[in-house]
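This is what each chain is made of:
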Amino acid sequence: MGRSKRRCGAPKMTSSVLHHRAQNIIGRCREMARITDVPGETTRLFLSAATRDVHTLLLQWMRDAGLEGRVDDAGNVRGVRLGADGSAARVVLFSHIDTVPNAGAFDGPLGVVLALEAMALLAEEVLPFAIEVIAFSEEEGIRFGFPFFGSMAVTGQVVPATLERRDSQGLSVAEALYGFGLRPQNIAHSCALAQPEIFAALEVHIEQGPVLETEDLRLGVVEAIVGQSRFELTFTGQANHAGTTPMRLRHDALAAAAQWVTEVERYAMNYQQLVATVGQLEVSPGAVNVVPGSVRATLDVRHPKDESRHAAVANLLTKAELAAAQRGVRVSARATSKQAAVSMDRELTVALQHAASRAGYETHAMFSGAGHDAMILAPHVPTTMLFVRSPGGLSHHPDETVRVDDIEAALGTVIEFLRGLKPPDR
Ligand SMILES: [Zn+2]
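Residues numbered from 1 in each chain as written. Predicted model: local features only at pLDDT ≥ 70, side-chain atom pairs only at ≥ 80, totals over all residues. Heavy atoms only, no water.

A. Here's a closer look at the overall build of the protein chain. Across its full length, the protein chain holds 13 helices and 16 strands. The C-alpha radius of gyration computed for the protein chain amounts to 24 Å, which stays within 12% of the reference 22 Å derived for 426 residues, consistent with globular compactness. Here the C-alpha coordinates of the protein chain stretch approximately 85 × 50 × 45 Å along the principal axes. Here the protein chain, with 426 residues, has 52% of them falling under the buried criterion. Sequence-distant contacts, at least 24 apart, represent 79% of the contacts inside the protein chain between residues at least 6 apart. Carbon and sulfur atoms form 52% of the exposed surface of the protein chain, whose accessible area is close to 18500 Å². Here the protein chain contributes 41 positive and 48 negative side-chain charges, whose respective centroids are spaced 3 Å apart. (Helix = DSSP H or I, 4+ residues; strand = E, 2+ residues; numbered from the N terminus. Rg over C-alpha atoms; globule rule 2.2 N^0.38 Å. Buried < 20%, exposed > 50% of the residue type's maximum accessible area, 1.4 Å probe, protein only. Contact = heavy atoms within 4.5 Å. Areas by Shrake-Rupley, 256 points an atom, 1.4 Å probe, with all protein chains shown as cover. Lys, Arg positive; Asp, Glu negative; His and termini not counted. Charge placed at Lys NZ, Arg CZ, Asp CG, Glu CD.)

B. Highlighting the environment of Leu418. Relative to the helices and strands, Leu418 resides in helix H13 (residues 404–420). For Leu418, a relative accessible area of 0% corresponds to the buried category. Along the primary structure Leu418 and Ala355 are separated by 63 residues, whereas in three dimensions their C-alpha atoms are 8.5 Å apart. Beyond its immediate chain neighbours, meaning those up to four positions away, Leu418 contacts Val91, Leu93, Met119, Leu122, Leu127, Phe129 and Ile131.

C. Molecular detail of empty space enclosed by the protein. Using the criterion set out here, one finds two cavities of 30 Å³ or more in the structure. Size it by volume and the second largest cavity reaches roughly 30 Å³. A per-class count over the lining of the second largest cavity returns five nonpolar, one polar and one charged. (1 Å grid on protein atoms, 1.4 Å probe; cavity = no way out; pocket = protein on both sides within 12 Å on 5 of 7 lines; lining within 4 Å. Points joined across faces, edges and corners; volume = space filled by probe spheres on them. Nonpolar A, V, L, I, M, F, W, Y, C, P; charged D, E, K, R; others polar.)

D. The packing of helix H9 (residues 253–269) against helix H10 (residues 306–325), seen in detail. Here H9 crosses H10 at 150°, and the two axes come no closer than 9 Å. The pairing of H9 with H10 is recorded here as roughly antiparallel in orientation. Considering only the axes of H9 and H10, their crossing is right-handed. Touching Ala256, Gln259, Trp260, Glu263, Val264 and Tyr267 of H9 are Ala311, Ala312, Asn315, Leu316, Lys319, Ala320, Ala323 and Ala324, all from H10. For the contact of H9 with H10, the class distribution of residues is 10 nonpolar, two polar and two charged. (Axes fitted to C-alpha atoms, helices over the stretch in contact; angles between N-to-C directions. Parallel < 35°, antiparallel > 145°, perpendicular 65-115°, else oblique. Left-handed = near helix turned anticlockwise from the far one by under 90°.)

E. Region of interest: the environment of Gly141. By the secondary structure assignment, Gly141 is in the loop between strand E4 (130–136) and helix H4 (149–154). With 82 residues separating them in the primary sequence, Gly141 and Leu59 have C-alpha atoms 23 Å apart.

F. Broad picture of the packing of helix H1 (residues 15–33) against helix H2 (residues 49–64). The geometry of H1 relative to H2 is characterised by a closest axis approach of 10 Å and an angle of 155° between their N-to-C directions. Our classification of the angle between H1 and H2 gives roughly antiparallel. The chirality of how H1 crosses H2 is right-handed. Side by side, H1 and H2 meet where Arg28, Glu31 and Met32 of the first sit next to Val54, Leu57, Trp61 and Asp64 of the second. When grouped by side-chain class, the residues that make up the contact of H1 with H2 number four nonpolar, no polar and three charged.

G. Looking closely at the packing of aromatic side chains. Under the defined criterion, the tally for this structure stands at six aromatic pairs. Each ring, one from Phe46 and one from Phe149, has its centre 5.2 Å from the other, and the planes form 45°; the classification is tilted. Here Phe46, found in the loop between H1 and H2, pairs with Phe149, found in helix H4; they are 103 residues apart in sequence, far enough to count as distant. Each member of the pair Phe46 and Phe149 is classed as buried. An aromatic cluster is built from Phe46, Phe144 and Phe149, whose rings are joined through pairwise contacts. The ring of Phe180 has Arg52 sitting right over it, with the charged end atom 4.2 Å from the ring centre. (Phe/Tyr/Trp six-rings, centres within 6.5 Å; stacked < 30°, edge-to-face > 60°. Lys NZ or Arg CZ within 6 Å of the ring centre and 35° of its normal.)

H. Up close: the side chain of Glu408. Position of Glu408 among the secondary structure elements: in helix H13. Here the side chain of Glu408 touches Ser15 through a polar contact of 3.0 Å, side chain to side chain. (Polar contact = N/O pair within 3.5 Å; in protein donor to acceptor, adjacent residues only side chain to side chain.)

I. Highlighting the coordination of the zinc ion. Those protein atoms acting as donors to the zinc ion are His96 (NE2), Asp107 (OD) and His205 (NE2), and they sit at 2.0 to 2.1 Å. Spacing between the donor residues of the zinc ion along their common chain follows H-x10-D-x97-H. Taken as a pair, Asp107 in the loop between strand E3 (90–96) and helix H3 (109–121) and His205 in strand E5 (residues 198–206) lie far apart in primary sequence, 98 residues in all. (Donors = N, O, S within 2.8 Å, 3.2 Å for Na, K, Ca; no water.)

J. Examining unusual backbone geometry more closely. Cis peptide bonds are those with omega within 30 degrees of zero, and the linkage from Gln195 to Pro196 qualifies with 0°. Its place among the elements puts Pro196 in the loop between helix H7 (187–191) and E5. A cis amide bond links Ser284 with the next residue in sequence, Pro285, at an omega value of 5°. Along the chain, the position of Pro285 falls in the loop between strand E10 (281–284) and strand E11 (290–291). Phi is positive for Asp216, which is not a glycine, with a value near 60°. The class for Asp216 is partly exposed, based on a relative accessible area of 36%. Positioned with a positive phi, His396 is a non-glycine residue whose angle comes to about 55°. By the element assignment, His396 lies in the loop between strand E16 (383–388) and H13.

Shown next, in the form of structure tokens:
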């Protein structure tokens, strides 16, 4: 038995009710997964035909859970349950409903469907705040090559340049929004989060990694979403004849890059919480009988602490220079993107841990190595995040799955979290 086994007597809601609801959550995620733009797989891009069908389904589920639903002008589906005595204080439960191509059923939809199931379970309970469930329209960034559109819209971060981005068909975000029946000029108005009324926001998401499975725990409480730095490096040597150029007289750009790649791996392996990846190498001229003249390489570095990430990046770039210098190769580096680490709200994160413990579950405090809508919301409203174990650590894949007992644990935790929340005195 795992350490995350249910403790006796703790849950107020009977296990069989939660178990049945957990099965329903899984069934609904699988039902959503069948709504796809590409038959035979789950591919649901921003503002697609399948997305419209998912909107219809979600609005129905929101009604069933006693929520008044609407679609805002960024294509987010939102449902509100009013607070007792007309309380303006508000809690937000959220995740996203777009997918990567050939996706699984749970990355995104789980957080939305689970929130609605929690609403249905709490239908008869009086809570001193309103609850809004938000299904963000666009998190993966596949269609327009730009992630987090939905959560950026609700936090006032959609700028004209964002609306002008085009998909592979040449259609702009603004044109796609119009085509869907939405009004991009109204985004600021119709999407804005109810601030300062929102005092807590929670995203439930699959872990998408192997940590919880390794720890033999069902749930993880996310303390921070790691920052990341991306670079493009160019190693420039001298292309030359593979037969006539003696080894000692070569300036082999690929040999320099290759040495550096293994140094990146070794360095990250010995640096706590650091991950560093060289994911692309492009060798030129790339012929069997030519000494490589130049190599383009990418570098992706992530760490929960920004200072540590900066130090690691500086070190890895120096290693590239040293590997190059040994062979008379030049190297240049260009930063292509960077994202600061985002901490989750400390108080809420502790509240989430306590909620899990009241529900009878132990949690693992951890970092998220992937980006999530939670990191877009966190600078604007107090936000926290609950991870559910990913069997096999698998995601962005049709075999992505969850265990019903883990979903039951997540649902029980969310119920306890909501029951334990108290709106601040104003
Ligand atoms: Zn996701």
